Amino acid sequence: MSACKVDWVHTLDQALTLTALQHEADGTVRWQGHTHPGYANMVGPYGGVTAAQMLQAAWLHPQRLGEPVSLTVNFCAAVADGAFTIVAQPVVTNRSTQHWMLRMEQDGKVVTTATAVTALRRDTWADDETKMPVVPAPEQVPMPRMLLDRPFLSRYEWRVMQGSPLTELGTTSDTSLTRLWVRDIPPRPMDFAGLAAMADMFFPRVYSRRALMVPTGTVSITVYFHASGEQLQQHGMGYVLGQVQGQGFRHGFFDHVAQLWSQSGSLLATTHQIVYYKE
């Protein structure tokens, strides 16, 4: 019996498709990519998928050493729908770590910059000091009724337990703490690019604090990857528990810190971002 041919490709993997255009003598590779309508947001694409595309440019690089440890993405301008180029350069490679410079260009202009660190992971003493909170199982948390209409929202299964601006935009709060279960629609085996995309899944904390929506935009996001590739394989297509809370809101900017755990309680990643908001 012949093997079945599988033509379907997950939406995220479609968005992560990059084609090498040029290899330069210093190790720089120029990649061609394209925005995906399934991850459209208010202005341009969902920032998480842009972060995942930047990481993918390093992940696919023929000179990559090890696995991602950190990724910082700076959103310099709105990414327009259409083609883009990502320039990926490993600027320093040591025995255990490799440091990357990345930038996304459209029409000759830089719209996004990033730095990343990849490394060879070794077995050492390990512990998660930040413990996963006790929460109901994903199956016990109902799906919310979405008040916001954005294409990227339908790319994820949201099960919100606390602090949902998806359903409670009319109520002010003295805390921006949100806890939710999330996974891709349809479920997709977890990898570093998928984890980078999920790290930006949290709605602006200013929405959770106030009774109105104001214009917002992520300025910079950093993701720290605590899980190894082997741990992500073990996680498979399970849910991710996300917890996020803002820290300071003033002068048009706020930040938040967040944690992402596997269903088994392993800390997969932590993230910190600074966000612009306008009155």
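Residues numbered from 1 in each chain as written. Predicted model: local features only at pLDDT ≥ 70, side-chain atom pairs only at ≥ 80, totals over all residues. Heavy atoms only, no water.

Enquirer: Quick question: what am I supposed to make of the layout of surface pockets here?
Expert: Here the idea is plain: a probe the size of a water molecule rolls over the atoms and shows the empty space left. Size it by volume and the largest pocket reaches roughly 670 Å³. Residue lining of the largest pocket: 29 residues in total, with Asn41, Met42, Thr216, Gly217 and Thr218 positioned closest to the centre. Going through the elements one at a time, α2 (47–59), β9 (216–225) and β12 (267–277) are the ones with two or more residues in the lining of the largest pocket. The element best represented in the lining of the largest pocket is β9, accounting for four residues. In terms of residue class, the lining of the largest pocket is built from 20 nonpolar, seven polar and two charged. In this structure, the second largest pocket occupies an estimated 590 Å³ of space. If you trace the second largest pocket, you find 20 residues lining it, with Arg121, Ala126, His226, Ser228 and Gln231 closest to the centre. The element contributing the most residues to the lining of the second largest pocket is helix α5 (residues 229–235), with three residues. (1 Å grid on protein atoms, 1.4 Å probe; cavity = no way out; pocket = protein on both sides within 12 Å on 5 of 7 lines; lining within 4 Å. Points joined across faces, edges and corners; volume = space filled by probe spheres on them. Helix = DSSP H or I, 4+ residues; strand = E, 2+ residues; numbered from the N terminus. Nonpolar A, V, L, I, M, F, W, Y, C, P; charged D, E, K, R; others polar.)

Enquirer: How should a nonpolar patch on the surface be read in this particular structure?
Expert: Where nonpolar side chains cluster on the molecular surface, the patch consists of Val219, Phe253, Ile274 and Tyr276 and spans about 310 Å² of accessible area. Mapped onto the secondary structure, Phe253 falls in strand β11 (residues 253–262). (Patch = residues over 30% accessible without salt bridge, like charges linked within 9 Å, V, L, I, M, F, W, Y side chains within 5 Å. Areas by Shrake-Rupley, 256 points an atom, 1.4 Å probe, with all protein chains shown as cover. Salt bridge = Lys/Arg side-chain N within 4 Å of Asp/Glu carboxyl O.)

Enquirer: Whenever I open this one, the sheet that holds strand β6 (residues 109–119) confuses me. Can you help?
Expert: Read from one edge of the open sheet, twelve strands run β1-β2-β4-β5-β6-β3-β9-β12-β11-β10-β8-β7, paired in antiparallel fashion. Edge positions in the sheet fall to β1 (19–23) and β7 (156–162), since each has one partner strand and no second. Strand-to-strand twist of the sheet, defined as the mean angle between neighbouring strand axes without regard to direction, takes the value 20 degrees. As defined by bridge partners, strand β3 (residues 67–75) adjoins β9 across five bridges and the pair is classed as antiparallel. Counterpart to Asn74 in the pairing with β9 is Ser220. (Pairing = 2+ DSSP bridges. Axes fitted to C-alpha atoms, helices over the stretch in contact; angles between N-to-C directions.)

Enquirer: Would you mind showing me how to read the nonpolar core here?
Expert: Inside soluble globular proteins, nonpolar side chains tend to come together where they are buried. Counting 63 residues, the largest nonpolar core has Leu71, Leu102 and Trp158 as the members making the most contacts within it. In terms of residue count, the dominant contributor to this core is α2 (seven residues). (Core = buried A, V, L, I, M, F, W, Y, C linked by side-chain atoms within 4.5 Å. Buried < 20%, exposed > 50% of the residue type's maximum accessible area, 1.4 Å probe, protein only.)

Enquirer: What should I look at first to understand the pairing of β9 in this one?
Expert: As defined by bridge partners, β9 adjoins β12 across nine bridges and the pair is classed as antiparallel. In the strand pairing of β12, Thr218 is matched with Val275.

Enquirer: What is the right way to look at α2 in this model?
Expert: Residue pairs three or four apart in sequence face the same way in an α-helix, which turns once every 3.6 residues. With 13 residues, α2 extends 18 Å between its outermost C-alpha atoms, agreeing within 8% with the 18 Å of an ideal straight helix rising 1.5 Å per residue. Among the 13 residues of α2, twelve are classified as buried, and the element is accordingly described as predominantly covered. Listing the buried residues of α2 in full gives Gly47, Gly48, Val49, Thr50, Ala51, Ala52, Gln53, Met54, Leu55, Gln56, Ala57 and Ala58. (Expected span 1.5 Å × (residues − 1).)

Enquirer: For this particular structure, what's the right way to read the environment of Gln233?
Expert: With respect to the helices, strands and loops of the structure, Gln233 is situated in helix α5. Judged by relative accessible area, Gln233 falls into the exposed class, the value being 66%.

Enquirer: When you look at the pattern of salt bridges in this model, what are you seeing that I'm missing?
Expert: Pairing between side chains becomes possible if they bear opposite charge and their charged atoms approach one another. Under the criterion given, the structure shown has eight salt bridges. Notably, a salt bridge pairs Glu157 with Arg159, separated by 2.7 Å at the nearest N-O pair. Judged by its relative accessible area of 10%, Glu157 falls in the buried class. Its relative accessible area of 15% is what places Arg159 among the buried residues. Residue Arg188 pairs with Asp191 through a salt bridge whose shortest N-O separation is 2.8 Å. By relative accessible area, which is 28% here, Asp191 ends up partly exposed. Here the salt bridges share partners, and the residues they tie into one network are Asp13, Arg188 and Asp191.

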